[in-house]
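One-letter residues, chain by chain:
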Amino acid sequence: MMDMFCVEGGHVLHGTVFVDGSKNASLPILAATLAIEGEVTLEQVPQLQDVATMGQLLQSIGAAVERLDDGSLRINTCAVKSSMAPYELVRQMRASVCVLGPLLARFGSARVSLPGGCNIGHRPIDLHLRGLAALGAEIRLEAGYIVAESSRLRGADLDLCGPHGPTVTGTCNIMIAASLAKGRTIIRSAAKEPEVQDFARFLTAAGARISGAGTSIVEIDGVDHLHEVRHTVIPDRIEAATLAIAAAITHGDVTIRNAPTTHMTCVLNALNLIGIPVDATHDTLHIRASSMPRPARLTAEPYPGLPTDCQAQFMALLSTIEGESLITDTVFPERFMHAAELVRLGADIRIQNNSAFIRGVARLSGASVMASDLRASAALVLAALAAEGHSEIRRVYHLDRGYHALEQKLNHLGAKIQRTHDGSPNIAPRPHIAPLSPDNPLGSVRHAGKRSGQE
Ligand code: EPZ
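Here, residues in each chain are numbered from 1, in the same order as that chain's written sequence. Totals for whole chains, interfaces and linings use all residues, but because this is a predicted model, local features are given only for residues with pLDDT of at least 70 and pairs of side-chain atoms are given and counted only at 80 or more. Side-chain calculation: all heavy atoms of the structure are included, whereas hydrogens and water are not.

**As for the packing of helix H8 (residues 237-249) against helix H10 (residues 311-319)**
Right, on to step 1. Angles shown run from 0 to 180 degrees and are taken between the N-to-C directions of axes, each axis being a line fitted to C-alpha atoms and, for helices, limited to the stretch in contact. Numbering of helices and strands starts at the N terminus; helices are DSSP runs of H or I of at least 4 residues and strands are runs of E of at least 2. Remark: H8 packs on H10, axes separated minimally by 10 Å, with the N-to-C direction vectors making an angle of 5°. On the basis of the axis angle, H8 is roughly parallel to H10. Contacts between H8 and H10 involve Ile238, Thr242, Ile245, Ala248 and Ile249 from the first element and Gln313, Phe314, Ala316 and Leu317 from the second. Here is the rule for angles: anything less than 35 degrees is roughly parallel, anything more than 145 is roughly antiparallel, 65 through 115 is roughly perpendicular, and the remaining ranges are oblique. The contact criterion used is simple: two residues touch if any of their non-hydrogen atoms lie within 4.5 Å.

**Some details on the environment of aspartate 400**
Right, on to step 1. Here aspartate 400 shows up in helix H13 (residues 397-400).
Right, on to step 2. A relative accessible area of 3% means that aspartate 400 is categorised as buried.
Right, on to step 3. A sequence separation of 23 residues divides aspartate 400 from serine 377, and the C-alpha atoms of the two residues are 9.5 Å apart.
Right, on to step 4. In protein, a polar contact requires one atom able to donate a hydrogen and another able to accept it; more generally it is a pair of N or O atoms within 3.5 Å, and residues adjacent in sequence count only if both atoms are side-chain atoms. A distance of 2.7 Å separates a polar atom in the side chain of aspartate 400 from a polar atom in the side chain of arginine 419. Accessibility here uses a 1.4 Å probe with only protein chains present; expressed as a share of the type maximum, an area under 20% marks a residue as buried, one over 50% as exposed, and anything in between as partly exposed.

**Some remarks on the sheet that holds strand E10 (residues 157-159)**
Right, on to step 1. Any two strands are treated as partners once DSSP identifies two or more bridges connecting them. The sheet built from 4 strands is open, its strands ordered E10-E11-E13-E12 with mixed pairing. Whereas interior strands pair on both sides, the edge strands pair on one side only; in this sheet they are E10 and strand E12 (209-211). When the angles between neighbouring strand axes are averaged without regard to direction, this sheet yields 15°.
Right, on to step 2. In terms of strand pairing, strand E11 (residues 184-188) meets strand E13 (residues 217-221) through 5 bridges, oriented antiparallel. Counted as the bridge partner of isoleucine 187 is valine 218 from E13.

**Looking at the pattern of salt bridges**
Right, on to step 1. A pairing counts as a salt bridge when a side-chain nitrogen of Lys or Arg comes within 4 Å of a carboxyl oxygen of Asp or Glu. Summed over the entire model, instances satisfying the criterion amount to 25 salt bridges.
Right, on to step 2. Of the charged contacts, one joins arginine 401 and aspartate 50 as a salt bridge, the two residues approaching to 2.7 Å between their closest N and O atoms. Taken together, the residues arginine 401 in the loop between H13 and helix H14 (406-412) and aspartate 50 in helix H2 (residues 49-60) connect sequence positions 351 residues apart.
Right, on to step 3. Across the salt bridge formed by aspartate 198 and arginine 201, the nearest N and O atoms sit 3.4 Å from each other. Here aspartate 198 pairs with arginine 201, and both are found in helix H7 (residues 194-205), just 3 residues apart, close to one helical turn.
Right, on to step 4. Overall, the relative accessible area of 43% leaves arginine 201 in the partly exposed class.

**Some points on the domain arrangement of the protein chain**
Right, on to step 1. Domain delimitation follows an automatic or database domain assignment. Its domain assignment divides the protein chain into domain 1 (3-20 + 235-424) and domain 2 (23-232).
Right, on to step 2. Using only C-alpha atoms to locate each centre, domain 1 and domain 2 end up separated by 30 Å.
Right, on to step 3. Between domain 1 and domain 2, the residue contacts involve 26 residues of the former and 22 residues of the latter.
Right, on to step 4. Simply put, the buried area is the total loss of 1.4 Å probe accessible area from both parts when two parts are fitted together. Buried surface at the junction of domain 1 and domain 2, summed over both partners, amounts to about 2,000 Å²; 53% is from carbon and sulfur atoms.
Right, on to step 5. It is Tyr303, Phe332 and Arg401 that lose the most area in domain 1 upon contact with domain 2, and together they represent 30% of the buried surface on that side.
Right, on to step 6. In this assembly, domain 1 and domain 2 are joined by 2 salt bridges.

**As for the sheet that holds strand E15 (residues 253-257)**
Right, on to step 1. The strand order E2-E15-E17-E16 describes an open sheet built from 4 strands, whose pairing is mixed. Here the strands that pair on one side only, and so sit at the sheet edges, are strand E2 (14-18) and strand E16 (278-280). Mean inter-strand twist for the sheet, computed between neighbouring axes without regard to direction, equals 15°.
Right, on to step 2. Strands E16 and strand E17 (284-287) of the sheet are contacted by helix H9 (residues 265-273), whose axis makes an angle of about 155° with E16.

**Observations concerning the packing of aromatic side chains**
Each aromatic ring pair is specified by the distance between its two centres and by the angle formed by the two planes.
Right, on to step 1. Here the aromatic set is Phe, Tyr and Trp, taking the six-membered ring for Trp, and pairing holds for ring centres within 6.5 Å; pairs whose planes are under 30 degrees apart are stacked, those over 60 apart are edge-to-face, and all others are tilted. Applying the stated rule across the entire model yields 0 aromatic pairs.
Right, on to step 2. Positioned above the aromatic ring of phenylalanine 357 is the side chain of arginine 350, whose terminal nitrogen or guanidinium carbon lies 4.6 Å from the ring centre. By definition, being over a ring means that NZ of Lys or CZ of Arg is both within 6 Å of the ring centre and within 35 degrees of the ring normal.

**Focus on H9**
Right, on to step 1. Taken as a whole, H9 has its buried residues at Val267, Leu268, Ala270 and Leu271. Buried residues along H9 cover an arc of 155° about the axis, so they all sit on one side.
Right, on to step 2. Looking at the buried residues of H9, the elements they touch are H8, E16, E17, strand E18 (297-300) and H10. Arc definition: it is the arc formed by the directions from the helix axis to the C-beta atoms.

**Details of the site of the ligand**
Right, on to step 1. One heavy atom suffices: a residue is near a molecule or strand as soon as one of its heavy atoms comes within 4 Å of it. Near the ligand there are 26 residues, and of these Asp126, Thr167, Thr169, Asp309 and Val331 occur at the shortest range.
Right, on to step 2. Residue aspartate 126 places a side-chain N or O atom 2.7 Å away from a nitrogen atom belonging to the ligand.
Right, on to step 3. Note that an oxygen atom of the ligand is positioned 2.6 Å from one of the backbone N or O atoms of valine 331.
Right, on to step 4. Considering the ligand on its own, with 820 Å² of exposed area, one finds that the protein chains cover 95% of that surface.
Right, on to step 5. Counting residues per element, the ones that place at least two in the shell around the ligand are helix H1 (23-32), helix H5 (126-134), helix H6 (168-179) and helix H12 (374-386).
Right, on to step 6. Ranked by residue count, the leading element in the shell around the ligand is H5, at 3 residues.
Right, on to step 7. Each residue is assigned to one of three groups, with Ala, Val, Leu, Ile, Met, Phe, Trp, Tyr, Cys and Pro labelled nonpolar, Asp, Glu, Lys and Arg labelled charged, and all others, Gly among them, labelled polar. For the shell around the ligand, the class distribution of residues is 11 nonpolar, 7 polar and 8 charged.
Right, on to step 8. Counting contributing residues, the shell around the ligand receives three or more from each of domain 1 (3-20 + 235-424) and domain 2 (23-232). Per-residue and other accessible areas were derived by the Shrake-Rupley procedure at a 1.4 Å probe size, with only the shown protein chains allowed to occlude residues.

**Things to note about H7**
Right, on to step 1. Between its first and last C-alpha, H7 extends 16 Å over 12 residues, near the 16 Å set by a 1.5 Å rise per residue.
Right, on to step 2. When H7 is considered as a whole, its buried residues turn out to be Pro194, Glu195, Val196, Asp198, Phe199, Ala200, Phe202 and Leu203.
Right, on to step 3. Summarising the contacts, the buried residues of H7 are in contact with H1, strand E3 (39-43), H6, E12, strand E14 (229-232) and H8.
Right, on to step 4. Backbone geometry just after H7 places glycine 207 at a positive phi near 110°. For a helix, the expected span equals 1.5 Å multiplied by the residue count minus one.

Right, here's the structure in full:
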């Protein structure tokens, strides 16, 4: 049976909560370990379904992946022999495409399934392929797989700009490939996200020669090989933002520790614009109840703009604030599947092109809703916290892809969320955070039932 949450709304959150490591920093870094022959130790990698999926992908390629007692992840790629990422794993998680660059750089060939469809909109990988081709790779499509080959990649001056701006994982793919190419590479229109900066820090610690990460022009001088390294992944700014909005939507008083506040300027500005009192130090956020919340007009943009990964959560918050609000998503113009489910909870939202017109209501009311993707499920949880009465949120396996035990963190703050089954026909053991063990080194969350979509 598949997971669902039963939520009793109306409880004010208060207390202290800690932010885990960043999913979107962890995934490209895990993939990049394939380019390093030897052992890599990663700290603060969160226990998420997507991390478990990436671990399975690395293991399917021949790497050893183990979650140590201290919570760090140890990856050893000495035994890596295959350079193929199979469809059954890639279809579960789009970030699997991040193995393309490392495999090509280390082995001179890579065979990675095309990622397939996605619930947040059209997600091509043409920029990834364009960048690798610029580095000299021969790219072809074969039976749904990308086949990339190159005896030796060579540096190039290339531009990664796409119709909706830079590409985060595309920048990472080209960065790792260029790190082992011959000569200098200049990546123009590079993504600036903190996760890309962390990726560059990881590669530099492994011996890569990279400058300009975090700006739109990144310069890389290729080296012959990368060496073993230990790296601590940055905290997750999207989880921190989600927890901050949980405090705001319930008029609570919450302290959020291990928050990467320097990566959250636009999120904090948006909360201030909405009238939510926020105090921030370098690693802590304190969110207090607002006496006068205000409607707002927000636009999701590439970093340092407001993250598209917070768009759904802000939509939930603005749905509860009287007045006319507007949210536009310039990164994923179709990322609005959560809107219809929020309407089931009593929100007043109209979608037009890449914008959501929101008329705030005095009170949301509990209902049965269904998650469609990772951040949409987070938005539904937030709305259910504020809604009057009971809500049921189905297909919360989407949530487990990017949040570790979110309901436990929220219940620790005073929420009333119970994880249970939805009685759906596909019977399977109840999902759980499996204990760490040699045959389950990542302590993955195991889910039964079909998994749709991917982010
Ligand atoms: C990363 O996805 C994140 N995932 C996403 O987070 C995030 O929403 C996205 O960046 C934007 O910030 C990871 O880092 C694992 P893109 P990515 O390539 O790299 C277009 C979450 O909820 N594009 O930056 O796949 C694309 O269609 C997930 O945690 C091309 O046109 O996103 C989009 O409009 C969801 N061609 C824009 O660029 C390409 O080859 C940005 O996409 C690649 C992308």
